[in-house]
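Residue-level structural notes
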Amino acid sequence: MEQGVTKKVRNMAVVAVNVICVIIMVILFMRYDDDYYSRLRAQNIADISNLNHSAAKIAQAAFDNRGQSLRDTAQYIHVMGFSRDEALDYIYRSNSGHSGTLELVGKDSTGYAVIKDVAGSYLPVSYENNSYSELKYIFEHAAPGGRGAVSYTPEFTDAVSAFNSFAFYTTISVTDESGQVACYTLMDVVQTDDFIDMLRQEGGYDRFSTVLMDRNGNYIIGDTDFKSSNFFKYIYVFNSLTLDERNVLQKYVQDTSEGALTYSNSRGEDCIFAYCKLSGGDQYSVSCVPVSSFRNTEADRRYITYITVVLCVMLVVDILWLDLLNRRLRESAAHEREANAAKTDFLSRMSHDMRTPLNAILGFTEITRQDPSLPEPLRENVDKISLSGHYLLGLINDVLDMSKIESGKIELHEETLDATKMLGDIAEVFGSEAAMRGVSLRTQFDTGDMRFVVMDPLRTKQIYSNLISNAVKFSDAGGEVLWSVKAEKSGDGYDVVSVVQDSGCGMSGEFMGHLFEPFTQEHNSHSGETTGTGLGLAIVKRLTDLMGGTVEVQSELKKGTSFTVKLHWRAGVPQKAGDSGEQDAAETPLEGKRVLVCEDNEMNRQIAVMLLQSRGMLAETAENGSAGVEAFRNSPVRYYDAVLMDIRMPVMNGLEAAKAIRALPREDAGLPIIAMTANAYDEDVRSSAEAGMDAHLAKPVDPPKLFETLAKLMAAAEKAR
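Report follows, based on the coordinates.

Cut-offs and rules
- Residues numbered from 1 in each chain as written.
- Predicted model: local features only at pLDDT ≥ 70, side-chain atom pairs only at ≥ 80, totals over all residues.
- Heavy atoms only, no water.
- Helix = DSSP H or I, 4+ residues; strand = E, 2+ residues; numbered from the N terminus.
- Buried < 20%, exposed > 50% of the residue type's maximum accessible area, 1.4 Å probe, protein only.
- Contact = heavy atoms within 4.5 Å.
- Areas by Shrake-Rupley, 256 points an atom, 1.4 Å probe, with all protein chains shown as cover.
- Arc of directions from axis to C-beta.
- Polar contact = N/O pair within 3.5 Å; in protein donor to acceptor, adjacent residues only side chain to side chain.
- Salt bridge = Lys/Arg side-chain N within 4 Å of Asp/Glu carboxyl O.
- Pairing = 2+ DSSP bridges.
- Phe/Tyr/Trp six-rings, centres within 6.5 Å; stacked < 30°, edge-to-face > 60°.
- Lys NZ or Arg CZ within 6 Å of the ring centre and 35° of its normal.
- Axes fitted to C-alpha atoms, helices over the stretch in contact; angles between N-to-C directions.
- Parallel < 35°, antiparallel > 145°, perpendicular 65-115°, else oblique.
- Left-handed = near helix turned anticlockwise from the far one by under 90°.
- Nonpolar A, V, L, I, M, F, W, Y, C, P; charged D, E, K, R; others polar.
- 1 Å grid on protein atoms, 1.4 Å probe; cavity = no way out; pocket = protein on both sides within 12 Å on 5 of 7 lines; lining within 4 Å.
- Points joined across faces, edges and corners; volume = space filled by probe spheres on them.
- Core = buried A, V, L, I, M, F, W, Y, C linked by side-chain atoms within 4.5 Å.

Some words on the overall build of the protein chain
- From N to C terminus, the protein chain includes 19 helices and 24 strands.
- When the 721 residues of the protein chain are sorted by exposure, 44% land in the buried category.
- In the protein chain, of all internal contacts separated by at least 6 residues, the share reaching a separation of at least 24 is 64%.
- Surface exposure of the protein chain reaches about 36,600 Å², of which carbon and sulfur atoms provide 52%.

Details of helix H17 (residues 654-663)
- Listed in full, the buried residues belonging to H17 are Gly-654, Ala-657, Ala-658 and Ile-661. Here the buried residues of H17 occupy an arc of 100 degrees about the axis, which is enough to place them on one side.
- Looking at the buried residues of H17, the elements they touch are helix H16 (625-633), strand S22 (642-645) and strand S23 (673-677).
- Two to three positions downstream of the cap, the backbone nitrogen of Leu-655 sits 3.0 Å from a side-chain oxygen, assigning the N-cap of H17 to Asn-653.

Some thoughts on the pattern of salt bridges
- Overall, the coordinates contain 20 salt bridges when judged by the stated rule.
- In this structure, Arg-570 engages Glu-414 in a salt bridge whose closest nitrogen and oxygen atoms are separated by 3.1 Å. Pair noted here: Arg-570 is in strand S19 (residues 560-571) and Glu-414 is in the loop between helix H9 (376-406) and strand S13 (415-418), with a separation of 156 residues, a long-range link.
- Taking the shortest distance from any N to any O, the salt bridge between Asp-545 and Lys-541 comes out at 2.8 Å. You can see Asp-545 and its partner Lys-541 sitting in helix H13 (residues 536-546), four residues apart, about one turn around the helix.
- Take Lys-541: its relative accessible area is 24%, and that puts it in the partly exposed class.
- Via salt bridges that share partners, Glu-599, Asp-646 and Lys-699 belong to a single interconnected network.

Things to note about the pairing of strand S18 (residues 550-556)
- Where S18 meets S19, seven bridges bridge the pair, whose relative direction is antiparallel. Bridging from a neighbouring strand, Val-553 pairs with Phe-563 of S19.
- In textbook terms, the turn of a hairpin is the stretch between consecutive antiparallel strands, and for S18 and S19 this stretch comprises three residues, one of which, Lys-558, has a positive phi near 70 degrees.

Structural notes on the packing of aromatic side chains
- Counted under the stated rule, the structure contains 23 aromatic pairs.
- For the ring pair Tyr-127 and Phe-139, a centre distance of 5.6 Å and an interplane angle of 50 degrees mean the geometry is tilted. Linking Tyr-127 in the loop between strand S3 (122-126) and helix H3 (133-140) with Phe-139 in helix H3, this pair joins segments that are 12 residues apart in sequence.
- Using a relative accessible area of 0% as the deciding quantity, one classes Tyr-127 as buried.
- Since its relative accessible area comes to 0%, Phe-139 is described here as buried.
- Here Phe-632 and Tyr-640 contribute two aromatic rings whose centre-to-centre distance is 6.5 Å and whose plane-to-plane angle is 25 degrees, an arrangement assigned as stacked.
- Feature note: the residues Tyr-219, Phe-226, Phe-231, Phe-232, Tyr-234, Phe-238 and Phe-273 constitute an aromatic cluster, connected by ring pairs.
- Positioned above the aromatic ring of Tyr-92, the side-chain terminus of Lys-116 is 4.6 Å from the ring centre.

What to know about the sheet that holds strand S12 (residues 284-290)
- With antiparallel pairing, five strands are arranged side by side in an open sheet as S9-S8-S12-S11-S10. Looking at the sheet topology across the chains shown, the edges are occupied by strand S9 (219-221) and strand S10 (258-264). Averaged over all adjacent pairs, the angle separating strand axes in this sheet is 35 degrees, with direction ignored.
- Packing against the sheet, helix H6 (residues 243-255) makes contact with strand S8 (209-213), S10, strand S11 (270-277) and S12, and its axis sits at approximately 155 degrees to S10.

So, the packing of helix H10 (residues 419-436) against helix H11 (residues 457-473)
- For the pair H10 and H11, the least separation of the axes is 11 Å and the interaxial angle reads 25 degrees. When the interaxial angle is binned, H10 and H11 end up roughly parallel. The two elements H10 and H11 cross, and the hand of that crossing is right-handed. Together, Met-422, Leu-423, Ile-426, Phe-430, Glu-433 and Ala-434 of H10 and Thr-460, Lys-461, Tyr-464, Ser-465, Ile-468, Ser-469 and Val-472 of H11 make up the contact between the two elements.
- Grouping the amino acids of the contact of H10 with H11 by side-chain chemistry returns eight nonpolar, three polar and two charged.

Considering empty space enclosed by the protein
- With the rule as written, the count across this model stands at one cavity of 30 Å³ or more.
- What the largest cavity holds in volume is close to 40 Å³.
- Along the walls of the largest cavity sit Ser-69, Leu-70, Thr-73, Ile-91, Asn-95, His-98, Leu-102, Leu-186 and Asp-188, which together make up its complete lining.
- Among the elements of the structure, helix H1 (2-80) and strand S7 (181-191) are those that each provide at least two residues to the lining of the largest cavity.
- Top contributing element to the lining of the largest cavity by residue count: H1, with three residues.

Describing the nonpolar core
- Grouped together as the largest cluster of nonpolar side chains are 40 residues, with contacts concentrated most on Tyr-464, Trp-483 and Trp-569.
- For this core, the secondary-structure elements that each account for two or more residues are H10, strand S15 (452-455), H11, strand S16 (480-490), strand S17 (493-502), H13 and S19.
- Ranked by the residues each element gives to this core, the list is headed by H10, at seven residues.
- Ignoring anything within four residues of it in the chain, the contact list for Trp-569 reads Ala-419, Met-422, Met-450, Val-453, Val-454, Met-455, Thr-460, Tyr-464, Gly-493, Tyr-494 and Val-496.
- Counting 33 residues, the second largest nonpolar core, distinct from the first, contains Ala-56, Ala-87, Leu-102 and Leu-186.

Thoughts on the layout of surface pockets
- For the second largest pocket, the calculated volume is near 350 Å³.
- Taken together, 20 residues form the lining of the second largest pocket, with Ile-138, Ser-151, Tyr-152, Pro-154 and Tyr-169 sitting closest to its centre.
- Elements that contribute at least two residues to the lining of the second largest pocket include exactly H3, strand S4 (151-152), strand S6 (164-175) and S9.
- When its residues are assigned to classes, the lining of the second largest pocket shows 10 nonpolar, eight polar and two charged.

Concerning the side chain of Arg-459
- You can see Arg-459 is positioned in helix H11.
- One polar contact links Arg-459 to Gln-462, side chain to side chain, over a distance of 2.8 Å.

Describing unusual backbone geometry
- Following Lys-699, the chain continues into Pro-700 via a peptide bond in cis, with omega recorded as -5 degrees.
- In this fold, Pro-700 is placed in the loop between strand S24 (695-698) and helix H19 (703-720).
- Of note, the phi angle at Ser-240 is positive, near 50 degrees, even though the residue is not glycine.
- Within the secondary structure, Ser-240 is located in the loop between helix H5 (231-238) and H6.
- Of note in the backbone geometry, Arg-638 takes a positive phi value of approximately 60 degrees without being a glycine.
- Exposure remark for Arg-638: the relative accessible area of 33% places this residue in the partly exposed category.

Things to note about the pairing of S10
- Where S10 meets S11, seven bridges bridge the pair, whose relative direction is antiparallel. For Ala-260, the partnering residue across the bridge sits in S11 and is Ala-274.

Quick look at H5
- Here H5 has its buried residues at Phe-231, Phe-232, Tyr-234 and Ile-235. All buried residues of H5 lie within an arc of 160 degrees about the axis, which places them on one face of the element.
- Its buried side turned inward, H5 meets S8, S9, H6, S10, S11 and S12.
- The N-terminus of H5 is capped by Asn-230, whose side-chain oxygen sits 2.9 Å from the backbone nitrogen of Phe-232.
- Positive backbone phi, at 50 degrees, marks Ser-240, one or two positions downstream of H5.

Below, the structure written as structure tokens:
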């Protein structure tokens, strides 16, 4: 009896302990549930904000690109004093392949789309309908004072395709049929759907939508998921806000540059609305994701609830849960890889599409500068176009470099070179730039017996160039920049300490904490108006880290900034005279050499031919890779001395064409083939080499580099015969 009681008490104690354990576990699971949900929600909101930032940067780049293109076109028409018909012809010629529709509209709301019909006439357009009242106001108020300033229209149904569109516009002055100067509005009309597709950042969310709006909430670019024509009205209506609450919300967004809001959408779903302000204006990017689309949220909570209820199978549930979590993590990683691949593909295509017209701009600019009869005022304008073109090329290169660095695809290509010559070349280039800005660049090189070293010259120059360029840019006229380099022997080479010090505007302590973050720039009364991507210092930091070095900074507002870069360069053995083909190249005349140019873009073909002819070479062209192969196949042996090959061409691309030429049973099938393309990634260079090409030149092509490469490869080919 007593033993039975004792056993019963013991069993009850065990049950009680188990009950207490279950209660404790339930409490712990409930706390874990709440904490996990809070952290997961915060992570999703952060991810949505990052995707919105990405959409904003893409929109900013597109706005800047189209705005600059429109400004350049308007400025050129102004400088040349064109008539209306001449202006239409110039716009038509210079915007071949342009996405969107360029229109020239008068104050009477009628004009022309710069598109030719079958008869060769420009398509007339009319915006006289009352529904175009906002556009008519723009046209009626076109004035010479607005020339060069680019703005944008609200959405409208365009006159050519009848699609929902918006436009960038500026004012130009041209001579009409009566010989009088008349003001016209030049519009770059873009279909809204094209921009929406570009801004769409899936990021693993089933439902993700983005709009662009002005500071008052009016949509610049709308989306069907956002009802009404105004964001604040949309939130006001579908969340039953009072008028005061709406006004508070609007003021809060206007007073902040970025943030995340929680409101219901038109379907009554709880949503996160992430917003951020585009730089240089009052436009905002706003992205919406329903909470129900959050990654790993509702399913997780259900599984945690099941665990608390079915504790008897906890081990099995835990195993299943871990397996599910791992599977979803793998899916998430796959989504990230797909996003990175899409980003790389997008940047590659954007690089190609931007470099192709930029090649034409810089190519024709260089050819025009060589004309001795060019009037001095026009020469100054051409020089400015060239300067702006090279600046734009630098921005494109910065964005591509940053993308390659963040994706881990950037590689160091080390070689032996004369360090003192490299430092001197950099000082010479930036000495001239500093002088143009009224800034003095002083150098102090204490390199001892250091001469030939092993390094990546391109990336090392990029580090120093970015720092010196910033120092010059942020120094006032009359200021001074000091660049000192000190090298000391260490191990297998030299420890090199470089200091770039300026007396410019300096930086605030608050900004110093974000100095090396991508796309960050300080805008205050001390720094003045700055331009650029905000990637220069981020690239410096990442390249320095990649080289195993360090970069430090000291700065104070109004007193200047000092950057210190420490790198280790291995000692190198100088090349013996004659080891490279430079001497043979220098002695190889280019006059009379025949080059086949395979290029599908008519303007780029024209530039290449003119550049080659400027050095006395003979140039023949093919409009695609297939035509190039046929031209070579049907030519006499050794008729061509070299081939310049574009990569992206119709019918047959450049890689296929190079392989086809190399495979021909001809003794001259090994002639120099040089890729001359807007494809500028490292993998593009490798693809060119794998296809049998001897060199890879990225557009815009540097003429001296082109001639040097041709001479070197022709010299090597002649020597190998």
